[in-house]
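Residues per chain are reported as follows:
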Amino acid sequence: MENKQLAGLATQARLLALDAVHTANSGHLGGSFSIVDALTVLYFNTLRVDPANSKDPDRDRFVLSKGHCSPALYAVLALRGYFPQEDMKKFRSIHHHMSGHVEMNHVNGVDMSAGSLGQGLSAAVGMALAGKLDGKDYRVYAAMGDGEIAEGQIWEAAMAAAHYKLDNLCGMVDVNGLQIDGPTDKVLSSAPLADKFRAFGWHVIDVDGHDFGAMAAAFDEAKTVQGKPTMVLLHTVKGKGVSFMENQVGWHGKAPSDEEYQQARTELLARLEA
Amino acid sequence: MGEKIATRAAYGDSLKKYGKENPRVIVLDADLSGATYSNRFAQEVPERFLNCGIAESNMVGIAAGLATTGKIPFLHSFAMFAAGRVYDQVRNSVAYPRLNVKIVGTHAGLSVGEDGATHQCIEDIALMRVIPGMTVVNPCDAFEADAAVKAVMDYEGPCYLRIGRNPVEVVMDQIPGYHFELGKGILLREGSDVAILATGIMVQESLKATEALAAEGINARVINIHTIKPIDREIIEKAARECGAIVTSEEHNVLAGFGSAVAEVVSETCPVPVVRHGVNDVFGRSGAAQQVLDAYGVNAAGIVEAVRKALAMKK
């Protein structure tokens, strides 16, 4: 798919996510807007999936370990045809099934429930191991936050993935540099991130997490790596796409007011028309 | 007297026996396979064994990921780590998505012995039973452990299986018509003065206690509750109604565990005195297994004492 088309879809996804969080009056837009471009590339370019056969045992899998960024994943899944876009209005509602953190049993297309940080990469390792055991050629993808990787379990999973030579596994870290309490390098520094994953036995690719072509190329490069897993470090802007949310730590988990919603919507619609 | 076999030893053999035949079964351990006896499966079916190293959290997550593809993962560690260390992972990566993962906690309770309090998990039943949708099974001997392995393997859904380190007398093979069914208690001895409901290795101690009680003219009913969740409400209510006093016995903290589960049912169906026998909310300590159990009164003598308390309250 053309980069321009992907960019348009990503903007549509941001609009859906914005609507969902505004309607629910709760949810996480900052991290959703930093990861949503990567999710768009995955679901519209990279993943071998079929929304009409969402439980296909041979499909590629994706685990959103930073499960609070459900607005981004749900929006991309809706655009990809896993469920009606109207379902985004049901986000976080007591009357419906669209859970606040990604949930696999009620939201079609979600491959793993997540939300308690640090756990998704392990599940992805399990899926990748199952693929190897069964001689299947599906690939497994997992996205983490750069604050999330302070969780020790991520590094347990990183060791295991290298130990089991899981070249069918591609992780990614949404390096937006911010977490709830402030800049990641102030809360708990993870630098040098690429060196850490290399030392753990991973092939590492640094990429602009808002450059659709570069991300598609990175995921393609990962497919060619033999005998080790790949970690794509997505260098991103938290809140990307809405001027007053970009790089603002306060927009981690806050719902926009009606005025903020209108302004954000106007900005995104302008991007869509550009 | 039956032969003495540790439930972990029987467990290891049964896992090998049934797991070998079921290609969906994947066995995981965290560097304790020689102690949990998951190595018996590993030696027989190496291609379906994963050693995850000393990284229990990751092991739970891997098991969850495997289960999403239709595998039946059996993961192993000491109860302290399989239920305690990874509580969040079990709750959120396994139970909440209702994944078909079997969590096997060996070396449960005080009978770990010499390793002391850090390894004597007396909270695992409580931790696991309060997770929605979790099945909790605690076999009392080698014979029952074999049946339990088969049952949890055939059951679709998350299970916690509690297994012991120390050799204990095999008694269930002597029970006429013994049949293991998840969620069904087993009546071992008729009696109407008091009902002793026991789980795990306290079943044998309860049977011993009935001899001392009989000498005092007390006719105690004994029921083996191998499945703590879902618990057999029917057999508990019947015992409460017919005996009028209940004693529960477990190798576990008396708080929030098996005794509490029974008390919940009794209070809601047929309120009668319930005395919970077990570890009285204190940590264990080092010593030979039997010495530790005796030091904390987690034995037949402790059950006899609990029965006297229950009878004193019985109207």
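## Thoughts on the packing of aromatic side chains
Residue and element names in this part refer to chain A.
Next, step 1: Taken as a whole, this structure holds ten aromatic pairs over all chains when the rule is applied.
Next, step 2: Among the aromatic residues, ring-to-ring pairing joins W155, F197, F200 and W202 into one connected group.
Next, step 3: Above the ring of Y138, the side-chain terminus of R61 is found at 4.1 Å from the ring centroid.
Next, step 4: Above the plane of the ring of W251 lies K254, whose end atom (NZ or CZ) is 4.4 Å from the centre.

## Thoughts on the interface of chain A and chain B
One frequently used descriptor of interface size is the decrease in accessible area upon assembly of the parts.
Next, step 1: Between chain A and chain B, the residue contacts involve 25 residues of the former and 25 residues of the latter.
Next, step 2: Together chain A and chain B conceal approximately 1,900 Å² of surface at their shared face, both sides included; 56% is due to carbon and sulfur atoms.
Next, step 3: Interface area lost by chain A to chain B is led by Q119, L133 and E156 of chain A, which between them contribute 25%.
Next, step 4: Applying the counting criterion to the chain A and chain B interface returns one salt bridge.
Next, step 5: The interface formed by chain A and chain B holds ten residue pairs in polar contact (both at pLDDT 80 or more) in total.
Next, step 6: For the side of chain A that touches chain B, the leading source of residues is helix α4 (residues 120–133) of chain A, giving eight residues.
Next, step 7: Its residues assigned to classes, the side of chain A that touches chain B shows twelve nonpolar, eight polar and five charged.

## Some points on the nonpolar core
Next, step 1: One finds Y43, F62, L169, F197 and W202 of chain A together with L28 and L197 of chain B to be the most contacted residues of the largest nonpolar core, which totals 147 residues.
Next, step 2: Counting residues per element, this core draws most heavily on helix α1 (residues 3–24) of chain A, at ten residues.
Next, step 3: Residue assignment places this core across two domains, with domain 1 (4–169) and domain 2 (183–313) of chain B each supplying three or more.

## Digging into the sheet that holds strand β6 (residues 203–208) of chain A
Residues and elements named next belong to chain A.
Next, step 1: Spatially, the five strands line up as an open sheet ordered β1-β2-β3-β7-β6, and their pairing is parallel. Among the strands making up the open sheet, the edge pair consists of β1 (61–64) and β6. Taken pair by pair, the neighbouring strands of this sheet meet at an average axis angle of 20 degrees, ignoring direction.
Next, step 2: Where β1 lies against strand β2 (residues 140–145), four bridges are found, and the strand directions are parallel. Across the sheet, residue L64 finds its bridge partner in β2, namely A143.
Next, step 3: Set on the sheet, α4 makes contact with β1, β2 and β3 (169–175); between it and β2 the angle comes to about 170 degrees.

## Side note on the pattern of salt bridges
Residue and element names in this part refer to chain B.
Next, step 1: Under the defined criterion, the tally for this structure stands at 27 salt bridges over all chains.
Next, step 2: K20 serves as the salt-bridge partner of E44, at 2.9 Å between the closest nitrogen and oxygen. Of this pair, E44 sits in helix α3 (residues 39–44) while K20 sits in helix α1 (residues 7–21), and the two are 24 residues apart along the sequence.
Next, step 3: The class for E44 is partly exposed, based on a relative accessible area of 38%.
Next, step 4: The residue K150 makes a salt bridge to D154 at a minimum N-O spacing of 2.8 Å. Linking K150 with D154, this pair stays in helix α8 (residues 142–154), spanning four residues, or about one helical turn.
Next, step 5: Through salt bridges with shared partners, one network takes in E190, R221, K238 and E242.

## Structural notes on the pairing of strand β5 (residues 102–106) of chain B
Residues and elements named next belong to chain B.
Next, step 1: Counting buried residues along β5, five of its five residues qualify, which places the element largely inside the surrounding structure.
Next, step 2: Along β5, one buried face is formed by K102, V104 and T106 and the opposite face, lined by I103 and G105, is buried too.
Next, step 3: Bridging between β5 and strand β7 (residues 159–162) involves four bridges; their strand directions are parallel. Each residue of the ladder has a partner; that of V104, found in β7, is L161.

## Details of the domain arrangement of chain B
Residue and element names in this part refer to chain B.
Next, step 1: Domain annotation for chain B reports domain 1 (4–169) and domain 2 (183–313).
Next, step 2: With centres defined by C-alpha atoms, the gap from domain 1 to domain 2 works out at 25 Å.
Next, step 3: At the junction of the two partners, domain 1 supplies 33 residues and domain 2 supplies 36 residues.
Next, step 4: Between domain 1 and domain 2, roughly 2,500 Å² of surface is buried when both sides are summed, and carbon and sulfur atoms account for 55% of that area.
Next, step 5: Looking only at domain 1, the three residues that lose the most surface to domain 2 are L110, I122 and R129, adding up to 29% of its buried area.
Next, step 6: The tally of links from domain 1 across to domain 2 stands at 24 residue pairs in polar contact (both at pLDDT 80 or more).
Next, step 7: When residues of the side of domain 1 that touches domain 2 are assigned to their parent elements, the largest contribution, four residues, is made by helix α7 (residues 124–129).

## Re the sheet that holds strand β9 (residues 186–189) of chain B
Residues and elements named next belong to chain B.
Next, step 1: The mixed open sheet is built from five strands, whose spatial order is β9-β11-β10-β13-β14. The open sheet has two free edges, formed respectively by β9 and β14 (274–279), since each of these has just one partner strand. For this sheet, the mean angle separating the axes of adjacent strands, direction not counted, is 25 degrees.
Next, step 2: Here strand β10 (residues 194–198) pairs with strand β11 (residues 220–224) via five bridges, running parallel. Each bridged residue has a counterpart across the sheet, and for A198 the counterpart in β11 is N224.

## Looking at the side chain of S206 of chain B
All names here are of chain B.
Next, step 1: Inspection of the secondary structure assignment puts S206 in helix α9 (residues 202–215).
Next, step 2: Of note is the side chain of S206, whose polar atom sits 2.7 Å from the backbone oxygen of M202.
Next, step 3: Excluding residues within four positions of it along the chain, S206 makes contact with I196, A198, V222, S249 and I303.

## Here we look at helix α13 (residues 300–313) of chain B
Next, step 1: For α13 of chain B, which comprises 14 residues, the first-to-last C-alpha distance of 20 Å matches the rise-based estimate of 20 Å (1.5 Å per residue) to within 8%.
Next, step 2: If you follow the buried residues of α13 of chain B, they end up packed against β10, α9, β13 (246–253) and β14 of chain B.

## Remarks on unusual backbone geometry
Next, step 1: Cis geometry marks the peptide bond from A191 of chain A to P192 of chain A; its omega dihedral reads -5 degrees.
Next, step 2: In this fold, P192 of chain A is placed in the loop between α6 (184–187) and α7 (193–199).
Next, step 3: Across the junction of K229 of chain B and P230 of chain B, the peptide omega takes the value -5 degrees, indicating a cis bond.
Next, step 4: Mapped onto the elements of the fold, P230 of chain B is located in the loop between β12 (227–229) and α10 (233–243).
Next, step 5: Its identity is not glycine, yet A256 of chain B carries a phi of approximately 65 degrees, on the positive side.
Next, step 6: What makes A256 of chain B partly exposed here is its relative accessible area of 35%.

Quick notes on the rules
Residues numbered from 1 in each chain as written. Chains lettered and ligands numbered in written order. Predicted model: local features only at pLDDT ≥ 70, side-chain atom pairs only at ≥ 80, totals over all residues. Heavy atoms only, no water. Phe/Tyr/Trp six-rings, centres within 6.5 Å; stacked < 30°, edge-to-face > 60°. Lys NZ or Arg CZ within 6 Å of the ring centre and 35° of its normal. Contact = heavy atoms within 4.5 Å. Buried area = accessible area lost by both parts, 1.4 Å probe. Salt bridge = Lys/Arg side-chain N within 4 Å of Asp/Glu carboxyl O. Polar contact = N/O pair within 3.5 Å; in protein donor to acceptor, adjacent residues only side chain to side chain. Helix = DSSP H or I, 4+ residues; strand = E, 2+ residues; numbered from the N terminus. Nonpolar A, V, L, I, M, F, W, Y, C, P; charged D, E, K, R; others polar. Core = buried A, V, L, I, M, F, W, Y, C linked by side-chain atoms within 4.5 Å. Buried < 20%, exposed > 50% of the residue type's maximum accessible area, 1.4 Å probe, protein only. Domains from an automatic or database assignment. Pairing = 2+ DSSP bridges. Axes fitted to C-alpha atoms, helices over the stretch in contact; angles between N-to-C directions. Expected span 1.5 Å × (residues − 1).

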